[in-house]
Amino acid sequence: MADAAAAAAAASSSPSLDFLSPEFDALEALRCEGLQPPNPRVRPLDNLNKCLSILPQELSESFVSVPVREPRSQESIAAQQRAKARTSLQMEKAAERARQTKVLDAMAEKLKDGPLGLLVECYEKRGRVLLWTRHAHGIRGTLVGFLLAVDKHFNMVLQDVDEQYTVRRQVPRLVRKQGGHIGSSQQEDKEIQCPPEANCIDEYLGNQTVQEECGESVECLIRDMMELKLFPKLERRRRHLNQVFVRGDSVVMVQKLI
Amino acid sequence: MGKRGERQSERTLVCVIQALMGLELLVELRNDLSIRGFLDDCDNAMNVIIKDAMIEDVEGCQKHMPLIFVRGSNIRFVHIPDNVNIMQAVEERRLVLDRAALAYMGGKGLAPMPKVLETQIPDTADAAI
């Protein structure tokens, strides 16, 4: 009571604390304790819609109008909830269904009608196939194994595989030098035949047994006339593998084995 | 395209390689190089990252490299470890990815995100798991 009386007194005395005067200072009013607005039960204007009612009449409707959203009816809210429930259930069911068909089976299924149908047949029977593979310059070799998975790119997974393949290697051989130098013509008849295992001519000559056999003069002969050259050679290899993934671009042909 | 066949990786056998992530494999390249190491990552184009790799060429020369990236088109074979059942591995990976995707969407299963992001979601969600 005392506060209210004091506030009322203050309001009447200073125009900055008088709510209805143009010199009203809000900050000062907030600092002043116990100061009450003329009608303390007035609700604050939080948004445009609330201000609409106090604006003067002569302003045009377009300036004033704010799109007013109608509150949603209970039915529409209920319908939306039901739709949400349905889709989430659907998603889970779809996931369940998708999981039941195995990925690899589904992949093969799609190829059944096309030209890869024979391959799919082999896959379904887990039959043995003979696969021809290639490298950049020609046929590499063959793989024989049981077909575990296929796809449209001819990527395959084989099991219990026997691979026979060729590999290009560079093999060093001792060979006469091109365009020999002066003084070598007399020594042409002496030739070394054995293919060395050393990678360079010095290594070859450094070999103990070679030194004993050949002797000094022959050593000079070799150095003058021969050089170690790398020759490409197609080496045949074979191996057994338990499980391999073969990438489709290396496949040439697939043969179905009984 | 988004919905049909769900994941791009599950339409080709790349999913088999992806199911082998973290295992020790031997990858044979088209130039007859073989790389033995742990498969760190594999993407839809079969590009792989191999960790702690031992590289061997045709002649038999070996070299050790801690981390190596191989372009998918250069791969010829991938030797799968004997004890792995690929059918099981692929299904398991699919389960993990499905669960991750569902968890990411807050378990409500609403309209999924556009395709570009969908392929990224499982990776981040996996990390969170």
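Rules behind the numbers
Residues numbered from 1 in each chain as written. Chains lettered and ligands numbered in written order. Predicted model: local features only at pLDDT ≥ 70, side-chain atom pairs only at ≥ 80, totals over all residues. Heavy atoms only, no water. Helix = DSSP H or I, 4+ residues; strand = E, 2+ residues; numbered from the N terminus. Buried < 20%, exposed > 50% of the residue type's maximum accessible area, 1.4 Å probe, protein only. Contact = heavy atoms within 4.5 Å. Areas by Shrake-Rupley, 256 points an atom, 1.4 Å probe, with all protein chains shown as cover. Pairing = 2+ DSSP bridges. Axes fitted to C-alpha atoms, helices over the stretch in contact; angles between N-to-C directions. Polar contact = N/O pair within 3.5 Å; in protein donor to acceptor, adjacent residues only side chain to side chain. pLDDT = per-residue confidence, 0-100. Buried area = accessible area lost by both parts, 1.4 Å probe. Salt bridge = Lys/Arg side-chain N within 4 Å of Asp/Glu carboxyl O. Core = buried A, V, L, I, M, F, W, Y, C linked by side-chain atoms within 4.5 Å. Arc of directions from axis to C-beta.

1. Brief notes about the overall build of chain A
Line of reasoning, step 1. Counting secondary structure elements, chain A contains ten helices and five strands.
Line of reasoning, step 2. Here chain A holds 258 residues, and the buried ones make up 29% of them.
Line of reasoning, step 3. The long-range fraction of contacts in chain A, counting pairs at least 24 apart against all pairs at least 6 apart in sequence, stands at 60%.
Line of reasoning, step 4. When the accessible surface of chain A is totalled, it reaches about 18100 Å², and 53% of it is carbon and sulfur.

2. Overview of the overall build of chain B
Line of reasoning, step 1. Counting its secondary structure elements, chain B contains four helices and five strands.
Line of reasoning, step 2. Taken from N to C terminus, the helices and strands of chain B fall in the order α-β-β-β-β-β-α-α-α.
Line of reasoning, step 3. Scored against the burial criterion, the 129 residues of chain B give a buried share of 41%.
Line of reasoning, step 4. For chain B, the exposed surface amounts to about 7000 Å²; the carbon and sulfur share of it is 55%.

3. Focus: the sheet that holds strand S4 (residues 62-70) of chain B
Note on sheets: strands pair through backbone hydrogen bonds, and any given pair is parallel or antiparallel.
Line of reasoning, step 1. Read from one edge to the other, the open sheet built from ten strands follows the order S5(A)-S1(A)-S2(A)-S3(A)-S4(A)-S5(B)-S1(B)-S2(B)-S3(B)-S4(B), with strand pairing classed as antiparallel. Here the strands that pair on one side only, and so sit at the sheet edges, are strand S5 (251-257) of chain A together with S4 of chain B. When the angles between neighbouring strand axes are averaged without regard to direction, this sheet yields 30°.
Line of reasoning, step 2. Across six bridges, strand S1 (residues 128-135) of chain A lies against S5(A) in antiparallel orientation. Paired with Thr133(A) across the two strands is Val251(A), which belongs to S5(A).
Line of reasoning, step 3. The strands touched by helix H7 (residues 117-125) of chain A within the sheet are S1, strand S2 (138-150) and S5 of chain A, with S2(A) carrying the most contacts at an inclination of about 55°.

4. Re the side chain of Asn155(A)
Line of reasoning, step 1. Tracing the backbone shows Asn155(A) in the loop between S2 and strand S3 (156-176).
Line of reasoning, step 2. A polar contact of 2.6 Å, which involves the side chain of Asn155(A), links it to the backbone nitrogen of Gly248(A).
Line of reasoning, step 3. Among residues more than four places away in sequence, those in contact with Asn155(A) are Ala149(A), Val150(A), Phe245(A), Val246(A), Arg247(A), Gly248(A), Leu13(B) and Met46(B).

5. Here's the deal with unusual backbone geometry
Line of reasoning, step 1. Phi is positive for Phe154(A), which is not a glycine, with a value near 75°.
Line of reasoning, step 2. Note that Phe154(A) resides in the loop between S2 and S3.
Line of reasoning, step 3. Even without a glycine there, the phi angle at Asp32(B) is positive, about 65°.
Line of reasoning, step 4. Mapped onto the elements, Asp32(B) comes out in the loop between strand S1 (24-29) and strand S2 (34-42).
Line of reasoning, step 5. For Asp32(B), a relative accessible area of 16% puts it in the buried group.

6. Observations regarding the confidence of the model for chain B
All names here are of chain B.
Line of reasoning, step 1. Confidence in the prediction for chain B averages 82 pLDDT; 77% of positions are at 70 or higher.
Line of reasoning, step 2. Across residues 124-129, where pLDDT falls below 50, the model places five contacts with residues more than four positions away in sequence or in other chains.
Line of reasoning, step 3. For this predicted complex, the interface confidence score (ipTM) comes to 0.80, while the overall pTM stands at 0.61.

7. Comments concerning the interface of chain B and chain A
Line of reasoning, step 1. Contact residues are listed per partner, giving 37 residues for chain B and 43 residues for chain A.
Line of reasoning, step 2. The largest per-residue losses of area from chain B upon contact with chain A belong to Leu13(B), Arg76(B) and Phe77(B), which jointly make up 20% of the total buried on that side.
Line of reasoning, step 3. In this structure, the connection of chain B to chain A is made through five salt bridges.
Line of reasoning, step 4. For Asp249(A), the salt bridge goes to Arg30(B), with nearest N and O atoms at 3.7 Å.
Line of reasoning, step 5. Linking chain B with chain A are 15 residue pairs in polar contact (both at pLDDT 80 or more), by the criterion used here.
Line of reasoning, step 6. Take the side of chain B that touches chain A: its biggest share by element is seven residues, from helix H2 (residues 86-104) of chain B.

8. Comments concerning the pairing of strand S5 (residues 75-79) of chain B
Line of reasoning, step 1. A large share of S5(B) lies buried, amounting to five of its five residues.
Line of reasoning, step 2. Two elements, strand S4 (residues 226-246) of chain A and S5(B), share three bridges in a ladder whose sense is antiparallel. Residue pairing across strands places Val244(A) opposite His79(B), the latter belonging to S5(B).

9. Let's talk about the nonpolar core
Line of reasoning, step 1. Judged by nonpolar contacts, the single largest core of 54 residues is most densely connected at Leu147(A), Val157(A) and Leu158(A).
Line of reasoning, step 2. Counting residues in hydrophobic clusters, the runner-up holds six residues, among them Leu174(A), Val218(A), Ile222(A) and Met226(A).

10. Re helix H6 (residues 103-111) of chain A
Owing to its 3.6 residues per turn, the α-helix aligns residues three or four sequence positions apart on the same side.
Line of reasoning, step 1. Among the residues of H6(A), those classed as buried are Val103(A), Leu104(A), Met107(A), Ala108(A) and Leu111(A). Taken end-on, H6(A) shows its buried residues confined to a sector of 130°, consistent with a single buried face.
Line of reasoning, step 2. For H6(A), the secondary structure elements touched by its buried residues are H7 and S2 of chain A together with helix H1 (14-18) and H2 of chain B.

11. Here's the deal with the pattern of salt bridges
Line of reasoning, step 1. Under the defined criterion, the tally for this structure stands at 19 salt bridges over all chains.
Line of reasoning, step 2. Residues Glu10(B) and Arg7(B) are paired through a salt bridge, measuring 3.1 Å at the closest nitrogen-oxygen approach.
Line of reasoning, step 3. A relative accessible area of 17% means that Arg7(B) is categorised as buried.
Line of reasoning, step 4. Linking Asp98(B) and Arg7(B) is a salt bridge whose minimum nitrogen-to-oxygen distance equals 2.7 Å. In this pair, Asp98(B) sits in helix H2 while Arg7(B) sits in the segment before H1, placing the two residues 91 residues apart along the sequence. For the pair Asp98(B) and Arg7(B), one class covers both residues: buried.
Line of reasoning, step 5. Ionic contacts of the salt-bridge type, sharing partners, join the residues Arg140(A), Glu163(A), Arg239(A), Glu28(B), Asp32(B) and Arg76(B) into one network.

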